[in-house]
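# Descriptive analysis of the structure
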Amino acid sequence: MSSPFYPPLRTLMGPGPSDVSSRVLAAAARPTIGHLDPLFVCLMDDVKRLLQFAFQTTNELTIPLSAPGSAGMEAAFVNLLEPGDKAIVCQNGVFGGRMKENVERCGGTAVMVQDRWGDPVDPEKVAKAIQTHPDAKILAFVHAETSTGVRSDAETLCGMAKSAGMLSIVDAVTSLAGIDLQVDAWGADVVYSGTQKCLSSLPGIAPITFSSNAVEMIATRKRKVQSWFLDMNLIMGYWGEGAMRAYHHTAPVNAIYALHEALLMLEEEGLKASFARHKANHLVLTEGLSELGLKLAVSEPWRLPQLNAVQIPDGQDDAAIRNALLKEFDLEVGAGLGELAGKQWRIGLMGSSCNTTNINRCLTALEAVLRQ
Ligand SMILES: *Cc1c(COP(=O)(O)O)cnc(C)c1O
């Protein structure tokens, strides 16, 4: 016999999902209404407005895709690229590699700009790639590399794309609401995120925004977008402004309630205050980790406050320690990804998880477990 599932109350300090507040969980539990109900349509408009606020943009086409962050990435590439197109892709961790995979599955060519995992994207290497491949249509990079805990200079990279007449695709899954992300001021063209990182809402939705240049590129495609579900020309019919909302797919109604509440909380706190909270708590955590003799893996100017990559001390058993943290302290921290597996832990301070209670719990637990 199966029985209902009651999850334990964990403290989520990994690479996402982050802790979902009781206020957001309560919003998700409100009565389900139809996804074409006029009241739901009003809510959709307010979610779009709040997403524009979070992305710091006036882009009309700013919506939550009904799928996780990975679908945001896929939507960016399948809508902008056509077979035979060239894209410059920066890789300094796991997620840049997924971008390459997306370009190739669209029938495009990915020109790779590689940096060491743990370093930011090097703008000089990007400049060289742009010089050698002026025919590339896209420059794609990850703003906040969750696999390594590194921030790259999105403003500079977007500016370089614009000067070269290319459009930029920016992965902001972990950056949105955690560090400054100025879509309009930086001239970014397609920027996507996720709801389960610094927004601390339910997993499974991908906020995404398109500049007018990106919208024009999509509207003037020679071929249909290869993905029916992620074709923005079709999704616009459902999420587009006013007029007739046409059925495209059933929106995850209750998850949108949750996202709306999480965005309201962000608006109440203010973007600057949210960035400052992430930064301040990151400094408190860093200080505590260094008192435990633990070192951060990323050089200071490029550290993400919301994702702290910590070197595992020699002789410590990675999996055993994370297991003990989970079993004895109900605390989740992230394992290293890809080539950093077994070498680093990733301690998240994202959104609702970013508070001093969590930091104290984490430091106390780490101290106890490391001593064992
Ligand atoms: C988490 C993450 C993704 C993928 O998001 P999912 O919601 O897990 O699909 C993509 N890029 C980055 C940088 C991420 O941190």
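Scope of this entry: the structure provided in the associated data block. Just so it is clear, the structure is predicted and the values come from calculations on it, not from any experiment.

Criteria and cut-off values
- Within any chain, residue numbers begin from 1 and follow the written order of that chain's sequence.
- Side-chain atom pairs in this predicted model are given and counted only at pLDDT of 80 or more, local residue features only at pLDDT of at least 70, and totals for whole chains, interfaces and linings cover all residues.
- Think of the side-chain values as coming from all heavy atoms in the structure, minus any hydrogens and water.
- The helix count covers DSSP runs of H or I at least four residues long, the strand count covers runs of E at least two residues long, and both are numbered beginning at the N terminus.
- The reference for a compact globule is 2.2 Å times residues^0.38; the radius of gyration itself is calculated from the C-alpha atoms.
- Buried means the residue's accessible area, taken with a 1.4 Å probe over protein chains only, is under 20% of the maximum for its type, while exposed means over 50%, and partly exposed covers the values in between.
- A contact between two residues is defined here by any heavy atoms of the two lying within 4.5 Å.
- The criterion for a residue being near a molecule or strand is simple. One of its heavy atoms has to lie within 4 Å of it.
- Polar contacts here mean pairs of N or O atoms no more than 3.5 Å apart (in protein, one a potential hydrogen donor and the other a potential acceptor; neighbouring residues in sequence count only if both atoms are side-chain atoms).
- In these tables, accessible area is a Shrake-Rupley quantity obtained with a 1.4 Å probe, and a residue counts as shielded only by the protein chains included in the view.
- Any residue outside Ala, Val, Leu, Ile, Met, Phe, Trp, Tyr, Cys, Pro, Asp, Glu, Lys and Arg is labelled polar, Gly included; the first ten of those are nonpolar and the last four are charged.
- A strand pair is defined by DSSP finding two or more bridges across the two strands.
- Convention adopted: a line fitted to C-alpha atoms gives each axis, helices being fitted over their contacting stretch, and angles between N-to-C directions are expressed from 0 to 180 degrees.

This brings us to the overall build of the chain. When helices and strands are counted, the chain shows 13 helices and 13 strands. In summary, the chain has a C-alpha radius of gyration of 21 Å against a globular reference of 21 Å for 372 residues, a match within 12%. Judged by the C-alpha coordinates and their principal axes, the chain covers about 60 × 55 × 45 Å. When burial is assessed residue by residue, the chain has 56% of its 372 residues classed as buried. Contacts spanning at least 24 positions in sequence make up 72% of the contacts within the chain whose residues lie at least 6 apart.

What follows covers the site of the ligand. The full set of residues close to the ligand is Pro-68, Gly-69, Ser-70, Phe-95, Val-142, Ala-144, Thr-146, Asp-171, Val-173, Thr-174, Gln-196 and Lys-197. In this structure, Gly-69 approaches the ligand through a main-chain N or O atom, which is 2.9 Å from an oxygen atom. Look at the ligand: alone it shows 380 Å² of surface, and the protein chains cover 88% of it. Of the residues belonging to the shell around the ligand, the class tally is 5 nonpolar, 5 polar and 2 charged.

With that settled, the discussion passes to the pairing of strand S2 (residues 61–65). In terms of burial, S2 is largely enclosed, as 5 of its 5 residues are buried. Of the two faces of S2, the one carrying Leu-61, Ile-63 and Leu-65 and the one carrying Thr-62 and Pro-64 are both buried. Direction of pairing for S2 relative to strand S10 (residues 206–210): antiparallel, over a ladder of 5 bridges. Bridge pairing in S10 places Ile-63 opposite Ile-208.

What the 7 strands build is an open sheet, ordered S2-S10-S9-S8-S5-S3-S4; its pairing is mixed. Because the sheet does not close on itself, it has two edges, and the strands there are S2 and strand S4 (109–114). For this sheet, the mean inter-axis angle between neighbouring strands, taken without regard to orientation, is 15°. Where strand S9 (residues 190–192) meets S10, 3 bridges bridge the pair, whose relative direction is antiparallel. Bridging from a neighbouring strand, Val-191 pairs with Thr-209 of S10. Running at roughly 170° to strand S5 (residues 138–142), helix H6 (residues 154–163) makes contact with S5 and strand S8 (167–171) of the sheet.

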